[in-house]
Amino acid sequence: MLDVLDQFDRKAQHEATVTSATNSLTGSHSRRLPRINLPRFSGDYAQWSPFRDLFKSIVMENNDLSDVEKFHYLKMSLTGEPAQQLKNIPITSENLKRSWEILMTRYDNKRVQIDAQLSALFAIRKLKTAGATKIKKLLGDVKEALDALETLECPVKSWDHIIVFMIVRKLDVESLKEWETTLGAKSTSPSFSDLEQFLVGRVQTLESIERVMMPFKQPASNSTSVRSQSNARAYAATAAVQQCAVCSSGHYIASCLKYLEKTVNQ
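What counts, and where the lines are drawn
Residues numbered from 1 in each chain as written. Predicted model: local features only at pLDDT ≥ 70, side-chain atom pairs only at ≥ 80, totals over all residues. Heavy atoms only, no water. Helix = DSSP H or I, 4+ residues; strand = E, 2+ residues; numbered from the N terminus. Buried < 20%, exposed > 50% of the residue type's maximum accessible area, 1.4 Å probe, protein only. Contact = heavy atoms within 4.5 Å. Areas by Shrake-Rupley, 256 points an atom, 1.4 Å probe, with all protein chains shown as cover. Phe/Tyr/Trp six-rings, centres within 6.5 Å; stacked < 30°, edge-to-face > 60°. Core = buried A, V, L, I, M, F, W, Y, C linked by side-chain atoms within 4.5 Å. Patch = residues over 30% accessible without salt bridge, like charges linked within 9 Å, V, L, I, M, F, W, Y side chains within 5 Å. Salt bridge = Lys/Arg side-chain N within 4 Å of Asp/Glu carboxyl O. Expected span 1.5 Å × (residues − 1). Axes fitted to C-alpha atoms, helices over the stretch in contact; angles between N-to-C directions. Parallel < 35°, antiparallel > 145°, perpendicular 65-115°, else oblique. Left-handed = near helix turned anticlockwise from the far one by under 90°. Nonpolar A, V, L, I, M, F, W, Y, C, P; charged D, E, K, R; others polar.

## Digging into the overall build of the chain
Here's step 1: Along the backbone of the chain there are 12 helices and zero strands.
Here's step 2: In the chain, the order of α-helices and β-strands from amino to carboxyl end is α-α-α-α-α-α-α-α-α-α-α-α.
Here's step 3: Looking at the chain as a whole, 26% of its 266 residues qualify as buried.
Here's step 4: The contacts of the chain with a sequence gap of at least 6 include a subset with a gap of at least 24, amounting to 59%.
Here's step 5: When the accessible surface of the chain is split by element, carbon and sulfur atoms take 55% of a total near 18900 Å².

So, in structure tokens, the structure goes:
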């Protein structure tokens with residue numbers, strides 16, 4: 001009986017040790033979580049929804065913060081026009097709700113937000129040359145605008161023909177040729193998913209080529225520096241040779257005053 005109790009006691013101690021270690025490890029990981037910086041908002045309608053959702057999540061719904069602290073963080077997060085709107089409102093707990101409602105009334109306008117996202121989508125510039133970074137940015141800007149429009153309940157899933165038509169005309173010549181080659185003689189219109197898959201593959205191809213070509217590229221600054229040093233050495237060598245035969249100064253004999261003062265007989 002004593003042996004059974006002893007085994008039970010050792011088992012309980014072991015489980016307590018494991019639980020303690022687990023809690024300690026969990027707490028350690030929690031303390032190591034990266035700090036989330038406050039979102040910033042400058043009055044751009046296209047950025048209002050992300051700002052609103054993130055600020056509400058980390059500040060407005062944080063019960064560990066007082067209303068005064070929340071209002072202080074709100075003012076810290078604003079720049080430009082929205083900051084001016086709240087500039088003269090004192091930081092008090094009563095003014096937090098009032099200030100947040102001012103921002104909501106001013107910027108939480110679904111119609112204007114949709115217009116802003118569409119403007120950003122159609123303002124994407126055409127690529128002049130092929131490049132992995134450029135194509136990644138193009139695709140990223142398009143997806144960001146489409147995701148925002150979908151969040152605003154726009155039927156973006158039915159816009160494939162329009163989106164593909166627009167993006168293809170933003171591609172550089174080489175990428176456009178590659179895209180048309182992939183389509184071949186297909187009679188069906190490609191979807192945005194097809195175009196996205198092509199662009200991802202195009203980026204990977206260009207990145208591979210850039211990695212291979214990188215060792216063969218010599219920085220322009222180095223070659224310029226080498227040429228400058230060579231020119232300097234050549235000039236120094238020429239200057240050293242330019243020694244007057246009459247007065248031993250550093251100029252040609254034709255420029256020597258002593259030589260010019262001499263007569264023909266001299």
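## A short note on the packing of aromatic side chains
Here's step 1: Across all of its chains, the model carries 10 aromatic pairs by this definition.
Here's step 2: Note on Phe 55 and Trp 100: the rings are 5.7 Å apart at their centroids and 20° apart in plane angle, and the pair reads as stacked. Here Phe 55, found in helix α2 (residues 48-60), pairs with Trp 100, found in helix α5 (residues 93-107); they are 45 residues apart in sequence, far enough to count as distant.
Here's step 3: Among the residues examined, Phe 55 registers a relative accessible area of 0% and is labelled buried.

## Observations concerning the nonpolar core
Here's step 1: Counting residues in each nonpolar core, the largest one holds 29 residues, and the members touching the most others are Leu 121, Val 142, Ile 167, Phe 192, Leu 195 and Leu 199.
Here's step 2: Going through the elements one at a time, α6 (110-122), α7 (132-151), α8 (160-168), α9 (173-183) and α10 (192-213) are the ones with two or more residues in this core.
Here's step 3: Per-element accounting of this core gives the leading share, eight residues, to α7.
Here's step 4: Sequence-distant contacts of Leu 199, defined by excluding residues within four places in its chain, comprise Ile 135, Leu 139, Ile 167 and Leu 171.
Here's step 5: The next biggest cluster of nonpolar side chains, apart from the first, holds 20 residues, and it includes Trp 48, Ile 58, Leu 78 and Leu 86.

## Brief notes about a nonpolar patch on the surface
Here's step 1: Taken together, the side chains of Ile 209, Val 212 and Met 213 present a nonpolar region at the surface, about 270 Å² in accessible area.
Here's step 2: If you trace the backbone, Val 212 turns up in helix α10.
Here's step 3: On the basis of relative accessible area, Val 212 is assigned to the exposed category, the value being 52%.

## Observations concerning α2
Here's step 1: Taking 1.5 Å of rise per residue, the 13 residues of α2 would be expected to cover 18 Å, yet its terminal C-alpha atoms sit only 15 Å apart, more than 12% below that figure.
Here's step 2: Those residues of α2 not exposed but buried are Trp 48, Ser 49, Phe 51, Arg 52, Phe 55, Ile 58 and Val 59.

## Looking at the packing of α2 against α5
Between two packed helices, what matters for the description is the angle formed by their axes and the separation of those axes.
Here's step 1: The N-to-C vectors of α2 and α5 enclose an angle of 160°; their axes lie 11 Å apart at closest approach. Judged by the angle between their axes, α2 and α5 are roughly antiparallel. Seen from above, α2 lies across α5 with left-handed handedness. Residues Trp 48, Phe 51, Arg 52, Phe 55, Lys 56 and Met 60 of α2 form the contact with α5, whose participating residues are Leu 96, Trp 100, Leu 103, Met 104 and Tyr 107.
Here's step 2: Classifying every residue of the contact of α2 with α5 gives nine nonpolar, no polar and two charged.

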